[in-house]
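Inside the fold
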Amino acid sequence: MEHSALPSPVRILGRALFSALLLSAFLLIAVSAVFALAGLGFSTIPVVVRVIWFLSSFAGGLLAARAAGSRRLLWGLAAGLIYLFVLFLLSRICSAESANASTGIWLPLFCLAGGGIGGALS
């Protein structure tokens, strides 16, 4: 069997998604510890979660675009889109009620922007 020089799209996006989800989990745990120890108010949580969405999607887009080598913006957007899809599925699985209206436009915006910017800057 012959191996090609370029990795497969599934492998590229799989690694990017895994990295983005791992970063999200780490950042959410770290932020929750800071909130618990510092006694910060609940009003800042939505802002922090949106920053985590952006940073995780940015990292996934950056990794996908670097692995792909060409069409970096598209690879970054694809990584952001897949991250968005997984977050949407997880929110549907974990919550019996429909998604919160406040995340309606922000989740796609931050995920696609983070992935696209990460891909463009790679």
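Residues numbered from 1 in each chain as written. Predicted model: local features only at pLDDT ≥ 70, side-chain atom pairs only at ≥ 80, totals over all residues. Heavy atoms only, no water.

This part is about the nonpolar core. One finds Leu 17, Ala 20, Trp 53, Tyr 83, Leu 84, Val 86, Leu 87, Leu 107 and Cys 111 forming the largest nonpolar core, which totals 9 residues. Of all elements in the fold, only helix H1 (9-38), helix H3 (72-94) and helix H4 (106-120) reach the threshold of two or more residues within this core. (Core = buried A, V, L, I, M, F, W, Y, C linked by side-chain atoms within 4.5 Å. Buried < 20%, exposed > 50% of the residue type's maximum accessible area, 1.4 Å probe, protein only. Helix = DSSP H or I, 4+ residues; strand = E, 2+ residues; numbered from the N terminus.)

On to the packing of aromatic side chains, then. This model, assessed by the stated rule, comprises 2 aromatic pairs. Taking the centre distance of 6.2 Å and the plane angle of 25° together, the rings of Phe 54 and Phe 58 count as stacked. In this pair, Phe 54 and Phe 58 are both assigned in helix H2 (residues 45-68), 4 residues apart and thus about one turn of the helix distant. With a relative accessible area of 23%, Phe 58 lands in the partly exposed category. (Phe/Tyr/Trp six-rings, centres within 6.5 Å; stacked < 30°, edge-to-face > 60°.)

On to a nonpolar patch on the surface, then. Residues Phe 85, Phe 88, Leu 89 and Ile 93 make up a contiguous nonpolar surface patch of about 410 Å² in total accessible area. Along the polypeptide, Phe 88 turns up in helix H3. (Patch = residues over 30% accessible without salt bridge, like charges linked within 9 Å, V, L, I, M, F, W, Y side chains within 5 Å. Areas by Shrake-Rupley, 256 points an atom, 1.4 Å probe, with all protein chains shown as cover. Salt bridge = Lys/Arg side-chain N within 4 Å of Asp/Glu carboxyl O.)

Our next topic: H3. Within an α-helix, residues lying three or four positions from one another point in the same direction, as the helix has 3.6 residues per turn. The first and last C-alpha atoms of H3 sit 33 Å apart over 23 residues, in line with the 33 Å expected at 1.5 Å per residue. Buried positions along H3 lie against H1, H2 and H4. (Expected span 1.5 Å × (residues − 1). Contact = heavy atoms within 4.5 Å.)

Our next topic: the side chain of Ser 24. Tracing the chain through its elements places Ser 24 in helix H1. Of the residues examined, Ser 24 reaches a relative accessible area of 6% and is grouped as buried. In contact with Ser 24, not counting residues within four places along its chain, are Ile 52, Ser 56 and Tyr 83.

Let's shift gears to unusual backbone geometry. Here the phi dihedral of Arg 71 falls at roughly 50°; this positive angle occurs in a residue that is not glycine. Along the polypeptide, Arg 71 turns up in the loop between H2 and H3.

Here we come to the packing of H1 against H3. Direction vectors running N to C along H1 and H3 enclose 55°, while the axes themselves pass 10 Å from each other. In terms of orientation, H1 and H3 fall into the oblique class. For the crossing formed where H1 meets H3, the hand is right-handed. Mapping the contact onto sequence places Pro 9, Ile 12, Leu 13, Ala 16, Leu 17, Ala 20, Leu 21 and Ser 24 in H1 and Trp 75, Ala 78, Ala 79, Ile 82, Tyr 83 and Val 86 in H3. (Axes fitted to C-alpha atoms, helices over the stretch in contact; angles between N-to-C directions. Parallel < 35°, antiparallel > 145°, perpendicular 65-115°, else oblique. Left-handed = near helix turned anticlockwise from the far one by under 90°.)

Interpretation note: all reported values are geometric properties and have no functional meaning in isolation.
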